[in-house]
2 protein chains.
Amino acid sequence: MADRKFISIDGMGGDNAPLIVVEGLERFAQRRADLHFLLHGDEAQLAPLMAKAPTAAARTTIRHTDKSIAMDAKPADAVRRGKGSSMWNAIEAVKNGEAIAAVSAGNTGALMGQAMFILKKAEGVERPALAANWPTRTGVCAMLDLGADIAASAEQLVEFAIMGQAYARVVNGVANPRVALLNIGSEELKGHESIREAARLIRGSNLQMDFRGYIEADKIGYGTIDVVVADGFTGNVALKTAEGIARMMSDMIKDALKSGPIAMLGALLVMPGLKKMREKMDPRKVNGAVFLGLNGVVVKSHGGTDSIGFEQAISVAAGMGESHFRTEVEDNLKRLVASTSAVAPVAEPSEQTAK
Amino acid sequence: MADRKFISIDGMGGDNAPLIVVEGLERFAQRRADLHFLLHGDEAQLAPLMAKAPTAAARTTIRHTDKSIAMDAKPADAVRRGKGSSMWNAIEAVKNGEAIAAVSAGNTGALMGQAMFILKKAEGVERPALAANWPTRTGVCAMLDLGADIAASAEQLVEFAIMGQAYARVVNGVANPRVALLNIGSEELKGHESIREAARLIRGSNLQMDFRGYIEADKIGYGTIDVVVADGFTGNVALKTAEGIARMMSDMIKDALKSGPIAMLGALLVMPGLKKMREKMDPRKVNGAVFLGLNGVVVKSHGGTDSIGFEQAISVAAGMGESHFRTEVEDNLKRLVASTSAVAPVAEPSEQTAK
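Bear in mind the structure is a predicted one, so any value in this text is a computation, not a measurement.

Asker: Explain the sheet that holds strand β6 (residues 140-144) of chain A to me, please; I cannot follow it from the model alone.
Answerer: Pairing between the strands of a sheet is mediated by backbone hydrogen bonds and can be parallel or antiparallel. All names here are of chain A. If you trace the 11 strands from one edge of the open sheet to the other, you get β3-β2-β1-β4-β11-β10-β5-β6-β9-β7-β8, paired in mixed fashion. With one partner strand each, in any of the chains shown, β3 (60-64) and β8 (210-215) form the two edges of the open sheet. Recorded for the sheet is a direction-independent mean angle of 25° between the axes of neighbouring strands. Packing against the sheet, helix α6 (residues 108-119) makes contact with β4 (101-104), β5 (129-135), β10 (289-292) and β11 (298-300), and its axis sits at approximately 175° to β11. Of the strands in this sheet, β1 (5-10), β2 (35-41), β4, β10 and β11 are in contact with helix α11 (residues 307-322), which crosses β4 at around 160°.

Have a look at this one:
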């Protein structure tokens, strides 16, 4: 394989696999002529589909396996009994250095469990996090943790901030990302102690980070912050809330535009303007959540996405796989360790003097 | 005052007080000819405004005070030094039995602090909660806690469920509310232990509650649940996220409908259909969050609302004040205590037998 770069793809994960996986792959291959692909799964199903995806087929190696992970598999079972499945093999190709990143639309917990087991946590990272983009008025904002775990200590929130900053740089191309901690704003009741402690830690460190303190969830859309940090439970609730409201409003708009012949005529006239909004709020355009903090890139696509969404997830994987993300994070973690340990030597002598 | 029912109103709280307070009061008075009002605040400012609100004026008593609570007041200061302010007096009228409910658009923390101090917690309630309605496809869904506190134990979540059930009955008129705990859905990682324990407690009790287990935030809009229960931090983040996304999408629709002469013509044609959506998602229509679990009804209006929103907040206060909410909650709390203590006597003899 020498100098050819491969993306490793779980052909069997997701509600509409393998069809939308192959269609998404074909779309992506048409955009990026320089990348190659490893496609893991049942060759009997994949080969006929690939025959209809000529651009991708020319650069795709099918890696056959009969085994795949069910969408309702439990994470522990997926780790214990998942070896040799299409998901497992997709991740293992990253570990072996055959691929720069893996993508799957399969079960989140299973993917997370297998990725953690196979790739292990990166050095210095205590807790990996799931990151993805969130649409704003002016572009996108990276958000993490979206549910890799349910809780996070102050130190782990600082880690998330560091990883989120690197993600915003390499995936979103923001040179100096503005980072904030998600919090609530009722005066003295300002959020959990872990959040306030994380703010103190970041301010007291020599991290090169444009840290902007707290952000309330209703302000994320303003586009004034590039990275929003939360524990996995809170981040997941916020993400799901946003998805739910956006879907409800989109459905209501559709109903309104079809509510009668006059409205339908009007709809034709307003459509070009509304298209911009629909594109911005299109969940497919922000599909592809990345597990940050592992020794290798694994991207989780929404299980119910279509080929456009899966194409986007491959695109995120390629962007992360080709980037210097890990160096970014490593450098910042070193800076954090340095600033933490720098405090101790200063404090010790003065304490001794006090005695 | 005999048999006349009064609503007690903080005339000076909110970004646009006292103007929108009086305008909202006038709107409400036109709807409800049977209620009377105590209006607390600076008479020099209130009297000229009331002169332009004849319907309300005929049934309003202005209670003068020079003192008001600043929008950025700290809760502790509001309690320590707030006595005699328009907010304080509005709440005190409820304590004294002069009014059936109090309304303020002032600082949330200050209102919460004063309400707790003046009215005290209702018997059997460990932690009051802030509840409000959330728009769904089919109507509204009650949600609590929206930020009265930041955390909640399993027992407190059960309390919230009981209070939310009563709220859905008396404010939303749902005979048998379907209650669920807000949770995340990543398989084995299903949420905090407190949430799972709360589910066990409710299932193991003899509460007369249509308990539906967990709900993910993206499903709230489906309208299949009438009461969503969360700790105050999570509830507040969900609420703010929903507000932010709804506002962003509304702004984008507005921009789209004004994007050129053809779009503007189309906008005229689609407007009647879109109006339904705008009304449904109009935050003013769901304005008025109630502090549940105190000895008396206190309603918090959004600080930045207009007269329509403030009218709605008074309406919520009237509905709660006239209802049998407290009896509902008391009965259910007794049932909970009975079912909890019912477990012990059964367990004890069998343990003794084991000895």
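Asker: How do you make sense of helix α1 (residues 19-31) of chain B when you look at a structure like this?
Answerer: An α-helix turns once every 3.6 residues. As a result, residues three or four positions apart point the same way. Residues and elements named next belong to chain B. The end-to-end C-alpha distance of α1, which contains 13 residues, comes to 19 Å, matching closely the 18 Å that a straight helix rising 1.5 Å per residue would cover. Among the residues making up α1, those that are buried are Ile-20, Val-21, Val-22, Gly-24, Leu-25, Glu-26, Phe-28 and Ala-29. Looking at the packing, one finds that the buried side of α1 touches β1 (5-10), β2 (35-41), α2 (43-51), α3 (54-57), β3 (60-64) and α11 (307-322).

Asker: Looking at this structure, how should I read the interface of chain A and chain B?
Answerer: Tallying the contact residues gives 65 residues for chain A and 64 residues for chain B. Carbon and sulfur atoms make up 74% of the area that chain A and chain B hide from each other, which totals about 5,400 Å². Ranking the residues of chain A by area buried against chain B places Phe233(A), Met248(A) and Met249(A) at the top, with a combined share of 12%. Taken together, chain A and chain B are joined by 6 salt bridges. A salt bridge links Lys240(A) to Glu216(B); its shortest N-O distance comes to 2.4 Å. Across the contact surface, chain A and chain B share 8 residue pairs in polar contact (both at pLDDT 80 or more). Secondary structure elements with two or more residues in the side of chain A that touches chain B: α4 (75-81), α6, β5, α9 (232-257) and α10 (261-281) of chain A.

Asker: How should the environment of Ala238(B) be read in this particular structure?
Answerer: Note on placement: Ala238(B) falls in helix α9 (residues 232-257). Residue Ala238(B) is classed as buried on the basis of its relative accessible area of 0%. Ala238(B) sits 232 residues away from Phe6(B) along the chain, and the two C-alpha atoms are 34 Å apart. Excluding its chain neighbours within four sequence positions, the residues that come into contact with Ala238(B) are Val237(A), Thr241(A), Trp134(B) and Met143(B).

Conventions and cut-offs
Residues numbered from 1 in each chain as written. Chains lettered and ligands numbered in written order. Predicted model: local features only at pLDDT ≥ 70, side-chain atom pairs only at ≥ 80, totals over all residues. Heavy atoms only, no water. Pairing = 2+ DSSP bridges. Helix = DSSP H or I, 4+ residues; strand = E, 2+ residues; numbered from the N terminus. Axes fitted to C-alpha atoms, helices over the stretch in contact; angles between N-to-C directions. Contact = heavy atoms within 4.5 Å. Expected span 1.5 Å × (residues − 1). Buried < 20%, exposed > 50% of the residue type's maximum accessible area, 1.4 Å probe, protein only. Buried area = accessible area lost by both parts, 1.4 Å probe. Salt bridge = Lys/Arg side-chain N within 4 Å of Asp/Glu carboxyl O. Polar contact = N/O pair within 3.5 Å; in protein donor to acceptor, adjacent residues only side chain to side chain.

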